[in-house]
Amino acid sequence: MKKITPIAVFSAAVLAFTACEKKDMAETIKDKADEAKTMVESMTEEAKAVAGEKIDAAKEMAKEKAPGAAAAIEKVAETAKEATNKAADTAKEAGKDAADAVQKKAEDAVAPAPAAPAPEAPKAQ
């Protein structure tokens, strides 16, 4: 019995330390996922702006080359902007969903396991 007590105390300490490490790691993962979401949002907005500028520049150049087709060029440019924005928004949502999934997995990794139901006592006959 004397040998078992220190071993049990040591084992409990190791388990507690491991749980703390797991919790810290999960918090770090969640923080990194939040950073990734923020980065995806800012990069998406930046990409939309750059794409819009490029489309506008191409539109103006096309109008100079073919002034008679200005209305058609305008329509194509607007369609291109809409498609670009939709693609960027889809990418942003996919990035957010991926970060949310990582956060959920990190939370699940440190969440205590649900307790098993207590076995039923044998019924007296």
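Remember, it's a predicted structure, so these values are computed and weren't measured experimentally. (Residues numbered from 1 in each chain as written. Predicted model: local features only at pLDDT ≥ 70, side-chain atom pairs only at ≥ 80, totals over all residues. Heavy atoms only, no water.)

S.K.: When you look at the overall build of the chain in this model, what are you seeing that I'm missing?
M.R.: When helices and strands are counted, the chain shows 2 helices and 0 strands. Burial statistics for the chain: of 125 residues in total, 14% are counted as buried. Within the chain, contacts between residues separated by at least 24 positions form 78% of all contacts whose residues are at least 6 apart in sequence. Of the roughly 9900 Å² of accessible surface on the chain, a fraction of 65% belongs to carbon and sulfur atoms. (Helix = DSSP H or I, 4+ residues; strand = E, 2+ residues; numbered from the N terminus. Buried < 20%, exposed > 50% of the residue type's maximum accessible area, 1.4 Å probe, protein only. Contact = heavy atoms within 4.5 Å. Areas by Shrake-Rupley, 256 points an atom, 1.4 Å probe, with all protein chains shown as cover.)

S.K.: What is the right way to read the environment of Ala 36 from this model?
M.R.: Residue placement: Ala 36 occurs in helix α1 (residues 4-65). Residue classification places Ala 36 among the partly exposed positions, given a relative accessible area of 31%. Counting along the chain gives 59 residues from Ala 36 to Gly 95, while the straight-line C-alpha distance between them is 7.9 Å.

S.K.: Just to check I follow, could you spell out the pattern of salt bridges for this structure?
M.R.: Proximity of charged atoms lets side chains of opposite charge pair with each other. If you walk through the whole model with that rule in mind, you get 11 salt bridges. Glu 35 is the salt-bridge partner of Lys 32, the closest N and O atoms lying 3.8 Å from each other. Remark: Glu 35 and Lys 32 occur in helix α1; sequence separation between them is 3 residues, near one turn of the helix. Several salt bridges share partner residues, and in doing so they unite Asp 56, Lys 59, Lys 63, Glu 74 and Lys 81 into one network. (Salt bridge = Lys/Arg side-chain N within 4 Å of Asp/Glu carboxyl O.)

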